[in-house]
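# Fold and geometry: a report
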Amino acid sequence: MRTLGLKKSFPFAFRFTLILSAGLAVMGNASPGEGGDGIMADLNDWANLKLWYSRPASKWTEALPVGNGRLGAMVFGKTDEERIQFNEETYWSGGPYSQTVKGGYNALPEIQKLIFDGDYIKAHRLFGRHLMGYPVEQQKYQSLGDLILKFAAGGEVQDYRRELDLDTAVAAVGYTQQGVRYVREVFSSPIDQAIVVRLTADQPGSISFTAELRGCRNEAHSNYATDYFQMDGYGDDGLVVRGKSADYLGVEGKIRYRARLKAVPAGGRMVVDGPYLKISGADALTLYLAAATNFVNYKDVSGDPQARVDAVLEALGKRSYEDIKAEHIQEHRRLFRRAAIHLPAGPTSDLPTDERLAAFDGASDPALAALYFQFGRYLLISSSRPGTQPANLQGIWNESMNPSWDSKYTTNINTEMNYWPAEVGNLSECTEPLFRMVKELTEQGREVAREHYGAGGWVFHQNTDLWRVAAPMDGPDWGAFTTGGAWLCTHLWEHYLFSGDVEFLRGSYPLMKGSVEFFLDFLVEHPKYGWLVTNPSTSPENFPAWPGNDPFYDEACAWMSPGTTICAGSTIDMQILSDLFGYVAEAAEILGVDPEFRKVVLEKRGRLAPMKIGKNGDLQEWLEDWGQKEESHRHISNLYGLYPGNQISLKRTSELAKGCRAVLEQRGLEGNGWSSAWKMACWARLAEPIKALENFNYCVHNYTLPNLFSICSKAMQVDGSFGVTAAVAEMLLQSHEGELDFLPALPAVWGEGAAEGLCARGGFEVSFTWKKGVLSVAEIKSKLGKTCRIRAERQSVLSTAGKVSKNLYPKNGIIEFETRPGQTYTVVFGLGVWVMR
């Protein structure tokens, strides 16, 4: 089995002798477990960072993803006619536009009164007429094209293997045909900004094929007749496809694009014949695929795609394939190798990945969870790098001109979940595209605040696209979610908690403050309770079962609605605002600004509607103790305060925690991939490893594609893959309570293992091992020099730079010690006394 290749032994070396209460153990220079039957002795045998298969992909959802943050490709691995479908992240329908409806705020007082009076459906209809954005829908992420390689060789295929190496970010296929061993490698280089395809054979003159570079066009809707593409040969060594995006929803298609293929053969003959590139008798060959659009930013499409593509290919022509591949791997590993989780392999761990998934029973293959963890990190590196667009619903991978939910940015859970693993998974830089999007959203967000709500600040709802529109969309059932932008702002604060970067906080503070300014104007006093609430409001996509919430035909989106989701002061709204108001107040204090504003924010925060426990013992989703029309609804929005928020705690708010448990029990296992991931993380916060693992098992068998992408209503999405990564980390390490809590939700079947490079709030980077379910050793790097607090019940030993410092005695279940910036500390848990050697 292939090893990770991080370090031959885990980096926990000690140069002292420990006298344990149970006997003498001389550790010397060894890593924990080395030389005995401990877990580290077998660490390299566990590492399995390849997805692999014994057959080609039969459909797109079985293909393997590569990406450099901007260019994505899905590799099928076929032996007769290979298909490599590719995307460029800025190829969307439409062009710069606005959904803002002027004067909508004039209807707001009547809508609010109707909601307070309980006339929700009438309020819904008025919202649809006056507060919805126009156009009601948004633009679509598009597929750019397909690279087709039709091979001349025929005959029986033997010894076939298709794989994706997460550690190198290289997809490969190998097989034997007519006595010749063929190998293809595909990667998307973040250094050279191109998709690279390398073809080799173990016998000279064996590579012959015809290549075609195909464009894509939307044929499903008659109003899409405005997009086009042209396919041509290019010079004597390449192909080109160029085209234009579609008009959609009355918005002119402003994107122009170009994709160009360049072939560099070794031996043989190469001919360009119209739109075909023909290779015959080559010993080896490299294909370079570059693609670009005219997109500059969300309001500027003045770029030159031809110049961009030409510059990429000109630079590539000066370098060897070996150097290009080596630099690609080096750059990928710079991020990927920062963190790892090691769990024991089982009897099915060596099976092809699709068979491995089918054989999983929750306990038979602990290492599968570690593979999931790394797959999510791989996807984030591949779809979200500094300077790119954020990862959308499908990351950067999409074969359809009409993808599910337009493959947009959905912000009532999905976009946020995409970035849950970024900080804890040691990929902090990958958040830059998200934070830039938040800043870009404030432009139209201020217009929407003013025109739709008569408010200051900025507001953003539940969806946006490449053009950063901010108004309510889809329909009132979804569009009345006013806290989408506020939720995104909590990610800014989380980044500060992990990094301690005061300059980042200073730059982010105006964005967070602007969101709060909107809600200071928008919040209204509830006439019955006296609390401040959002009105209108919604709890994402869940229809409450209040008497009379019957189906009706909704003119705003031309469908038979099951009822309305419109309400006042949904629990998730209040939780998000409580978080954001608190974060802004704390940020103002840290930065030494806005003392009077801070007082107002804290005063208003104290008046927000509180969380309540319902008659069934569950945490209420709405102000009123309503049930829900759908028994096992996929969203668990009222549990935002448990995870990813930090308002509900087993230690601090035990009754609310019980209410969360009741919600999770009621919702059960059904949902979709991202729902399973969210439930996993919530169960981890509740210290329920069996329940967390149960949801993981259900996710594997019901919401996971053969290539490990997650499933949402039969469609591929990346959010669940990212969410599982975050949830696995949450089961092993938590830091939201101001302390490092190791193994808070460790399943018994993960009884032995190790983690490396996970990050914690307070600026700590940690690696640790455990055996028989008990934490053994932790190595803690302090980036900020803050006090390190660890939840521990046993006396432990602290060492620094290989020298024992002192015993650590727990007080109220906590051990703590002071740190210095840049210093690494080792804690050995459960030891009696120590002596220097």
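Quick caveat: nothing in here was measured; it's all calculated off a predicted structure.

Within the protein, the regular secondary structure consists of 19 helices and 38 strands. In summary, the protein has a C-alpha radius of gyration of 28 Å against a globular reference of 28 Å for 837 residues, a match within 12%. Over its C-alpha atoms, taken along the principal directions, the protein stretches across nearly 80 × 80 × 45 Å. The long-range fraction of contacts in the protein, counting pairs at least 24 apart against all pairs at least 6 apart in sequence, stands at 70%.

With that out of the way, let us pick up the confidence of the model for the protein. When pLDDT is averaged along the protein, the result is 92, and 93% of the positions lie at 70 or above. Confidence drops under pLDDT 50 across residues 1-47; counting only partners more than four residues distant or on other chains, this segment forms 112 contacts. Note on residues 832-837: pLDDT is under 50 here. Beyond four places in sequence and across chains, it has 19 contacts.

Attention now moves to the sheet that holds strand 37 (residues 824-829). Strand order across the open sheet formed by seven strands is 19-30-31-32-37-34-35, with antiparallel pairing between neighbours. Edge positions in the open sheet fall to strand 19 (340-342) and strand 35 (803-808), since each of these has one partner strand only. Mean inter-strand twist for the sheet, computed between neighbouring axes without regard to direction, equals 20°. Note that strand 34 (residues 796-800) and strand 37 share five bridges and pair antiparallel. Each bridged residue has a counterpart across the sheet, and for Leu-798 the counterpart in strand 37 is Val-827.

Here the focus is the sheet that holds strand 12 (residues 207-215). Here seven strands make up an open sheet; going across it, the order is 4-5-6-7-12-17-16 and the pairing antiparallel. Lying at the two open borders of the sheet, with one neighbouring strand each, are strand 4 (64-67) and strand 16 (269-273). Between one strand axis and the next, the sheet turns by 20° as a mean value, whatever way the strands run.

This part is about the packing of helix 10 (residues 432-453) against helix 12 (residues 484-499). Across the interface, helix 10 lies against helix 12 with an axial gap of 10 Å and an inter-helix angle of 135°. When the interaxial angle is binned, helix 10 and helix 12 end up oblique. Crossing geometry of helix 10 relative to helix 12 is assigned as left-handed. In this structure, helix 10 contributes Leu-434, Phe-435, Val-438 and Leu-441 to the contact, and helix 12 contributes Leu-488, Cys-489, His-491, Leu-492 and His-495.

Moving on, we get to empty space enclosed by the protein. Scanning all chains against the criterion turns up six cavities of 30 Å³ or more. In this structure, the largest cavity encloses a volume near 340 Å³. Surrounding the largest cavity, 28 residues form its lining, Trp-420, Glu-494, Phe-498, Pro-644 and Arg-761 being those nearest its centre. A per-class count over the lining of the largest cavity returns 15 nonpolar, seven polar and six charged.

Rules behind the numbers
- Residues numbered from 1 in each chain as written.
- Predicted model: local features only at pLDDT ≥ 70, side-chain atom pairs only at ≥ 80, totals over all residues.
- Heavy atoms only, no water.
- Helix = DSSP H or I, 4+ residues; strand = E, 2+ residues; numbered from the N terminus.
- Rg over C-alpha atoms; globule rule 2.2 N^0.38 Å.
- Contact = heavy atoms within 4.5 Å.
- pLDDT = per-residue confidence, 0-100.
- Pairing = 2+ DSSP bridges.
- Axes fitted to C-alpha atoms, helices over the stretch in contact; angles between N-to-C directions.
- Parallel < 35°, antiparallel > 145°, perpendicular 65-115°, else oblique.
- Left-handed = near helix turned anticlockwise from the far one by under 90°.
- 1 Å grid on protein atoms, 1.4 Å probe; cavity = no way out; pocket = protein on both sides within 12 Å on 5 of 7 lines; lining within 4 Å.
- Points joined across faces, edges and corners; volume = space filled by probe spheres on them.
- Nonpolar A, V, L, I, M, F, W, Y, C, P; charged D, E, K, R; others polar.

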